[in-house]
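As a plain string of letters, each chain reads:
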Amino acid sequence: MKDIRTLSLDQLKDYFMSLGEKPFRAKQVYDWLWSKNLHSIEEMTNLSKQLRDRISEEYTINPVSVDQLQKSTDGTIKNGVKLHDGLMVESVLIPTETRTTACVSSQVGCSLNCEFCATARLKRMRNLEVAEIVDQVALIDSQSKMYFDRPLSNIVFMGMGEPMMNYKNVVEAIRKITQPEGLGMSPRRITVSTSGIPKMIKMLADDDLRVKLALSLHSAIESKRNEIMPFSDKFPLTDIMESLQYWYKKTGNVITFEYCVWKGINDGDEDIKALIKYCKQVPSKVNLIQYNPIGDGKYDQCNKQAEENYVRQLENAGITVMIRKSRGGDIDAACGQLANKVSD
């Protein structure tokens with residue numbers, strides 16, 4: 001049976017008119033589905049029992065559910081999220097003193113092959129549907145209120161999958177999350193993180209969603225980046241930069257470069273100089289991400305001296321840099337660790 005949430009507002013209007021109902025019924029149902037995030041047709045109390053029964057004959061609602069919840073000692077919460085077909089993804093609630101952030105997934109598994117990422121070792125099973133993405137956000141918003149007594153403040157598309165490889169559904173989910181008749185969140189509190197697909201970065205700029213953009217960079221030396229992220233040999237850094245410049249020209253939003261520094265891989269002065277040169281080409285800032293190993297022994301967090309060297313040289317070059325502390329490492333919820341271990 002088809003999920004009623006796959007219908008647009010106009011399609012809902014057409015459906016209710018075909019039943020002999022007034023078009024305003026569509027707005028009532030749309031509000032239940034996207035503003036109130038209701039998961040039961042039977043609970044749509046401003047519809048008659050007869051109408052609810054009629055809708056239930058043709059449509060259903062397939063919400064996600066938390067299969068397993070894990071809490072970190074630092075307050076981070078990782079959800080093993082079960083989809084209607086039994087497949088699993090993971091989403092994370094990251095609390096700080098001033099905000100709570102939802103890290104949401106966009107694919108079951110991942111289409112890419114980044115060497116440092118546990119998710120990349122999973123087969124990509126399918127893209128998440130719009131409602132499955134929105135459900136993750138609504139779920140974490142509820143957890144934020146329950147455990148931290150405040151609503152969700154930020155969303156990052158940095159969970160399982162490459163958002164740009166599920167572009168249509170991610171964009172529609174963002175619209176549902178931000179529209180007043182949806183969850184009503186500010187688009188400026190949403191960050192889409194990509195490994196760098198130039199055509200899709202330009203498309204996101206043209207769609208004018210007013211979200212922020214982050215690029216998973218990790219090296220500004222072409223050959224080295226291709227070793228770390230093998231798929232990137234199809235997307236040269238020059239092409240990516242051209243798309244980032246286009247993004248900035250269209251949106252005026254500064255790009256964030258996400259950057260892990262690994263011992264013996266990209267912790268030298270030549271790596272820092274290349275990063276500075278790359279950053280200078282577009283208004284940007286750098287997040288140095290503290291990495292938690294995934295068990296292969298190849299990628300290990302650099303020492304403190306190397307990290308401080310990065311910060312010093314970037315700041316001396318006039319580039320804003322922040323160290324993003326690893327959160328949820330004890331429950332495999334940190335950068336690169338999401339790999340459905342809850343389903344083992």
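What counts and what doesn't
Residues numbered from 1 in each chain as written. Predicted model: local features only at pLDDT ≥ 70, side-chain atom pairs only at ≥ 80, totals over all residues. Heavy atoms only, no water. UniProt positions renumbered as here; feature names shortened; annotations may be inferred. Phe/Tyr/Trp six-rings, centres within 6.5 Å; stacked < 30°, edge-to-face > 60°. Helix = DSSP H or I, 4+ residues; strand = E, 2+ residues; numbered from the N terminus. Buried < 20%, exposed > 50% of the residue type's maximum accessible area, 1.4 Å probe, protein only. Lys NZ or Arg CZ within 6 Å of the ring centre and 35° of its normal. Axes fitted to C-alpha atoms, helices over the stretch in contact; angles between N-to-C directions. Parallel < 35°, antiparallel > 145°, perpendicular 65-115°, else oblique. Left-handed = near helix turned anticlockwise from the far one by under 90°. Contact = heavy atoms within 4.5 Å. Nonpolar A, V, L, I, M, F, W, Y, C, P; charged D, E, K, R; others polar. Pairing = 2+ DSSP bridges.

The name an unreviewed UniProt entry assigns to the protein is Probable dual-specificity RNA methyltransferase RlmN, from the organism Chryseobacterium piperi. According to its UniProt record, the protein has this under Sequence similarities (unreviewed entry): "Belongs to the radical SAM superfamily. RlmN family." In its Subcellular location (unreviewed entry) section, the UniProt entry covering the protein states "Cytoplasm".

Asks: Got a minute to help me understand the packing of aromatic side chains in this structure?
Replies: Pairs of aromatic rings are described using the distance from one ring centre to the other and the angle between the two planes. With the rule as written, the count across this model stands at 11 aromatic pairs. With 5.0 Å between their ring centres and 40° between their planes, F116 and W262 make a pair best called tilted. On the criterion of sequence distance, the pair formed by F116 in the loop between β7 (107-108) and β8 (126-127) and W262 in the loop between β12 (255-260) and α9 (269-279) is long-range, its members being 146 residues apart. You'll find F116 and W262 in the same group, each marked buried. Within the aromatic cluster, the residues linked to one another by ring pairs are F116, W262, Y291 and Y299. Between the NZ or CZ atom of K36 and the centre of the ring of W32, over which it lies, the distance is 5.0 Å. K202 extends its terminal NZ or CZ atom over the ring of Y246, reaching a point 5.8 Å from the ring centre.

Asks: Even after reading the chapter, I still don't get the packing of helix α4 (residues 130-148) against helix α5 (residues 167-178), so can you show me in this structure?
Replies: Each pair of packed helices gets described by two things: the angle between the helix axes and the distance between those axes. Following both chains from N to C, one finds α4 and α5 inclined at 45°, their axes separated by 8 Å at the closest point. Judged on the interaxial angle alone, α5 and α4 are oblique. The interaxial crossing formed by α4 with α5 has right-handed handedness. Between α4, through V130, I133, V134 and V137, and α5, the contact on the second element is made entirely by N169, V170, E172, A173, K176 and I177. A breakdown of the residues in the contact of α4 with α5 according to their chemical character gives seven nonpolar, one polar and two charged.

Asks: Would you mind showing me how to read the sheet that holds strand β11 (residues 212-216) here?
Replies: Strand pairs in the sheet, formed through backbone hydrogen bonds, run parallel or antiparallel to each other. Strand order in the open sheet formed by 10 strands is β3-β4-β5-β6-β9-β10-β11-β12-β13-β14, and the pairing between neighbours is mixed. Edge positions in the sheet fall to β3 (65-71) and β14 (320-324), since each of these pairs with one other strand and no more. The sheet shows a mean angle of 25° between the axes of neighbouring strands, taken without regard to direction. Here three bridges tie strand β6 (residues 100-103) to strand β9 (residues 154-157), and the two strands are oriented parallel to one another. Counted as the bridge partner of C103 is V156 from β9. Packed onto the sheet, α5 meets β9 and β10 (190-194) and runs at close to 170° relative to β10. Running over the sheet, α9 touches β12 and β13 (284-289) and is turned about 170° from β12.

Asks: Quick question: what am I supposed to make of the packing of α5 against helix α6 (residues 198-207) here?
Replies: In the contact formed by α5 and α6, the axes pass within 12 Å of each other and the chain directions differ by 30°. When the interaxial angle is binned, α5 and α6 end up roughly parallel. Pair α5 / α6 crosses with right-handed handedness. Within the contact between the two elements, α5 uses Y167, V171 and R175 and α6 uses M200, M203, L204 and D207.

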